[in-house]
Amino acid sequence: MTVLEQPRIIGGVTGSLIGVATAVVRTADVAALIAPVPAHPRAGEHRLHVRLARELARVGVPSLRFDPADGGDSAPTAAQAARYDGDLVAAATDLLSIHPDARLVLVGFGDAALPIARSLHAVRTASLPLQALCFVDPRLASVRPIEPRGLWRRLTGRASPTIEALEDGSSSLDEDERIWLGVPDALHGASLHIAAGHELHVRELIRTLVAEDMRWRRVLRNEAFQRIEGADAGYSHDAHWRALVEWIVQQITHRKRRGR
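Residues numbered from 1 in each chain as written. Predicted model: local features only at pLDDT ≥ 70, side-chain atom pairs only at ≥ 80, totals over all residues. Heavy atoms only, no water.

## A few points about the packing of helix α1 (residues 48-58) against helix α10 (residues 238-253)
Step number 1: The N-to-C vectors of α1 and α10 enclose an angle of 55 degrees; their axes lie 11 Å apart at closest approach. With respect to α10, the axis of α1 lies oblique. You can see that α1 and α10 cross each other, and the crossing is right-handed. In this structure, α1 contributes Leu48, Arg51, Leu52, Glu55 and Leu56 to the contact, and α10 contributes Trp241, Arg242, Val245, Ile248, Val249 and Ile252. (Axes fitted to C-alpha atoms, helices over the stretch in contact; angles between N-to-C directions. Helix = DSSP H or I, 4+ residues; strand = E, 2+ residues; numbered from the N terminus. Parallel < 35°, antiparallel > 145°, perpendicular 65-115°, else oblique. Left-handed = near helix turned anticlockwise from the far one by under 90°. Contact = heavy atoms within 4.5 Å.)

Encoded structure:
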């Protein structure tokens, strides 16, 4: 199947952004914005963004991948880090202008996880119809392991000390930790999906969060947290790549992929 791709010039808040949209013959009710790492090109590490966009097109899911400021073909700007959320909103708005009846899915690989999480407030403020947030191997080295509850806290129903620190505004947590731990509250009805292959820190972090916090347990029910055993950073083994793609398709469209 031939995948049709269309270049896009997006009016971002930091200047013109360059993107590539995938066109589809049969459109699903969602459209995926494959969000980049700040200052990195739209292809993604190991060309994961390109590969995923083309796989999604084959099952009828349109997508857009774009160069943020200072990345790829977009113009450089001194304000890229501070304005990432505005450019993300601009790219999502451009995607939805092509597919006005679709709901938005945000997809992020690796280091894009925290910037996307920080942008959720801007996405909500822009009234974008966010349906799902999908992270693949989010890199969260700055987020420390969650402190589990001891027996006394479990018996008395008290939260983990880490979760208590989040709720009471304690300075013991840094900004990255607050952003990540607060993701369930920032979703506002959207669903959350996380796949972990080679990122062992993420596996343990999510496992502990689900065990210790009701909000994380609620948003990562059933197959919303997927482990892909043995996958490397580029999903170079075909079986691992197939497993990842089929999981993403199922999670964001609520249907299993039929074709190979």
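## Remarks on empty space enclosed by the protein
Step number 1: Scanning the entire structure with this criterion turns up one cavity of 30 Å³ or more.
Step number 2: There is about 80 Å³ of room inside the largest cavity.
Step number 3: Lining the largest cavity, in full, are Glu45, His46, Leu48, Phe109, Gly110, Val136, Asp137, Arg139, His198, Ala233 and Tyr235.
Step number 4: Class assignment for the residues of the lining of the largest cavity results in five nonpolar, three polar and three charged. (1 Å grid on protein atoms, 1.4 Å probe; cavity = no way out; pocket = protein on both sides within 12 Å on 5 of 7 lines; lining within 4 Å. Points joined across faces, edges and corners; volume = space filled by probe spheres on them. Nonpolar A, V, L, I, M, F, W, Y, C, P; charged D, E, K, R; others polar.)

## Quick word on a nonpolar patch on the surface
Step number 1: Together, Leu151, Trp152 and Leu155 make up a nonpolar patch on the protein surface, roughly 440 Å² of accessible area in all.
Step number 2: Topologically, Leu151 is positioned in helix α4 (residues 151-156). (Patch = residues over 30% accessible without salt bridge, like charges linked within 9 Å, V, L, I, M, F, W, Y side chains within 5 Å. Areas by Shrake-Rupley, 256 points an atom, 1.4 Å probe, with all protein chains shown as cover. Salt bridge = Lys/Arg side-chain N within 4 Å of Asp/Glu carboxyl O.)

## Thoughts on the pairing of strand β7 (residues 191-196)
Step number 1: In terms of residue burial, β7 counts as a mostly covered element, since five of its six residues are buried.
Step number 2: Bridge count for strand β6 (residues 130-136) against β7 is five bridges, and the pairing is parallel. When the bridges of β7 are listed, Phe135 appears paired with Ile194. (Buried < 20%, exposed > 50% of the residue type's maximum accessible area, 1.4 Å probe, protein only. Pairing = 2+ DSSP bridges.)

## Re the nonpolar core
Step number 1: Of all hydrophobic cores here, the largest spans 56 residues; its most connected members are Leu33, Trp180, Leu192 and Ile194.
Step number 2: Ignoring anything within four residues of it in the chain, the contact list for Ile194 reads Phe135, Pro138, Trp180, Val202, Ile206, Trp216, Leu220, Ala224, Phe225, Gln226 and Trp247.
Step number 3: Core analysis: the next-biggest nonpolar cluster, separate from the first, contains 27 residues, Phe109, Ala132, Cys134 and Ile228 among them. (Core = buried A, V, L, I, M, F, W, Y, C linked by side-chain atoms within 4.5 Å.)

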